[in-house]
Amino acid sequence: MRMKKLTHNKFSLPQVVIFVLIALIIGGVGGYKVGKKLTSLAYYALTEKVVADNTDKMIRYETQTAVSMLSAINKKAATGELTPAYANKLAADLLRDLRYGDDQQGYFWADTTNGVNVVLYGRTDVEGKNRYNDQIDGINYIQEIIAQGQKPSGGYTDYFYPKLQGSTPEAKRAYSLLSQPYQWVVGTGYYLNDIKLK
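Just so it is clear, the structure is predicted and the values come from calculations on it, not from any experiment.

**Description of the pairing of strand E4 (residues 169-179)**
Along a regular strand, successive side chains alternate from one face of the sheet to the other.
Reasoning step 1: The buried count for E4 comes to eight of eleven residues, which makes it a mostly enclosed element.
Reasoning step 2: With eight bridges joining them, strand E3 (residues 155-162) and E4 adopt antiparallel strand pairing. Bridging from a neighbouring strand, Tyr159 pairs with Lys172 of E4.
Reasoning step 3: Once E3 ends, the chain turns through six residues before running back antiparallel as E4.
Reasoning step 4: Looking at chain direction, E4 and strand E5 (residues 184-191) are connected through eight bridges and run antiparallel. Counted as the bridge partner of Lys172 is Tyr191 from E5.
Reasoning step 5: Hairpin connection between E4 and E5: a loop of four residues separates the two successive antiparallel strands, and Gln183 in this loop has a positive phi of roughly 55 degrees.

See the structure below:
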């Protein structure tokens, strides 16, 4: 499947280092204003990369925690402390209401490995529907999220999706991971515009 390329404004560390060196050389040779401007741009690029990398790590850790919570619920069902039916309902209800971040805007979704939606930030109109073949801007984003989530350590997916109160698809990056007991692929993500530096 061909994925549409997203622009992340991310730079590799070697690119940033070269950028900084060029800025310092130009600044040192007499082009102080140009050098200062390039140094500022290099600093901006490096800072934006650090923020993006940290955000990637954050959504991975949050998803791992959510999957761990599901495993704990499943263990209670396995020992007979909870009935399987109640454990499944509890797992979905807790995941649906689980939030993270300073503004509590981070949320999770889950789809079965066959693409049936289990949880989508309280979108009960979507829950229970198969969205395996759903596309936005030509990207089978659910297929990719499920495929990445079934990798041994999970994985990232770049795609477009509208914000909760919006209708226009925006560039988004997600991390997904399989919950083995439930065979749910759990994910969360962030919009690229939300991490741009002001």
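**What to know about the side chain of Ser179**
Reasoning step 1: The topology assignment puts Ser179 in strand E4.
Reasoning step 2: Ser179 gets classed as buried once you look at its relative accessible area, which sits at 0%.
Reasoning step 3: Those residues in contact with Ser179 that lie beyond four places of it in its chain are Val67, Leu70, Trp184 and Val186.

**What about the confidence of the model for the chain?**
Reasoning step 1: Put simply, the chain has an average pLDDT of 83, and 74% of its residues get 70 or more.
Reasoning step 2: This stretch, residues 1-5, has a pLDDT under 50; its non-local contacts, to residues over four places away or in other chains, come to nine contacts.

**Looking at the packing of aromatic side chains**
Reasoning step 1: Considering all chains together, one arrives at eight aromatic pairs under this definition.
Reasoning step 2: Taken together, the ring pairs connect Tyr107, Trp109 and Tyr121 into an aromatic cluster.
Reasoning step 3: When the ring centre of Tyr191 is taken as reference, the NZ or CZ atom of Lys163 above it lies at 5.3 Å.

**As for the layout of surface pockets**
Reasoning step 1: Approximately 600 Å³ is the volume found for the largest pocket.
Reasoning step 2: Among the elements of the structure, helix H2 (32-78) and E5 are those that each provide at least two residues to the lining of the largest pocket.
Reasoning step 3: Here the lining of the largest pocket takes four residues from E5, the largest share from any one element.
Reasoning step 4: Along the lines of polarity and charge, the residues of the lining of the largest pocket split into nine nonpolar, eight polar and six charged.

**What to know about the nonpolar core**
Across soluble globular proteins, you tend to see nonpolar side chains buried next to one another.
Reasoning step 1: Leu70, Leu95, Tyr182, Trp184 and Val186 are the most contacted members of the largest nonpolar core, which has 25 residues in total.
Reasoning step 2: Among the secondary structure elements, those contributing two or more residues to this core are H2, helix H3 (84-97), strand E2 (117-120), E4 and E5.
Reasoning step 3: Top contributing element to this core by residue count: H2, with seven residues.
Reasoning step 4: If we ignore the near neighbours within four places in the chain, the residues touching Leu70 are Ala91, Leu95, Ser179, Tyr182, Trp184 and Val186.
Reasoning step 5: In terms of nonpolar packing, the next biggest core, distinct from the first, is built from 18 residues, Tyr107, Leu120, Ile146 and Phe160 among them.

Cut-offs applied
Every chain is numbered independently, its residues counted from 1 as its sequence is written. Local features in this predicted model are restricted to residues of pLDDT 70 or higher, and side-chain atom pairs are both shown and tallied only at a pLDDT of 80 or more, whereas totals for entire chains, interfaces and linings draw on every residue. Note: side-chain values were computed over all heavy atoms of the structure, leaving out hydrogens and water. Burial classification: accessible surface area is computed with a 1.4 Å probe over protein chains only, and a residue below 20% of its type maximum counts as buried, one above 50% as exposed, and the rest as partly exposed. Here a helix means four or more residues in a row that DSSP labels H or I, a strand means two or more in a row labelled E, and each is numbered from the N terminus. Whether two strands pair comes down to DSSP finding at least two bridges between them. Note on definitions: a residue-residue contact is assigned when non-hydrogen atoms from the two residues lie within 4.5 Å. On a range of 0 to 100, pLDDT expresses the predictor's confidence in each residue. Here a Phe, Tyr or Trp ring, Trp counted by its six-membered ring, pairs with any other such ring whose centre lies within 6.5 Å, and the pair is stacked when the planes are under 30 degrees apart, edge-to-face when over 60, and tilted otherwise. The rule is short: NZ of Lys or CZ of Arg within 6 Å of the ring centre and within 35 degrees of the ring normal puts a charge over the ring. Any residue with an atom within 4 Å of a point lines the site, the site being either a cavity, points on a 1 Å grid over the protein atoms alone where a 1.4 Å probe fits but cannot get out, or a pocket, an open set with protein on both sides within 12 Å along at least 5 of 7 lines. Grid points are joined across faces, edges and corners, and a volume is the space filled by probe spheres set on the points. As a working rule, the residues Ala, Val, Leu, Ile, Met, Phe, Trp, Tyr, Cys and Pro are called nonpolar, Asp, Glu, Lys and Arg charged, and the rest polar, with Gly in that last group. Definition of nonpolar core: a set of buried residues of the types Ala, Val, Leu, Ile, Met, Phe, Trp, Tyr and Cys, connected through side-chain atoms within 4.5 Å.

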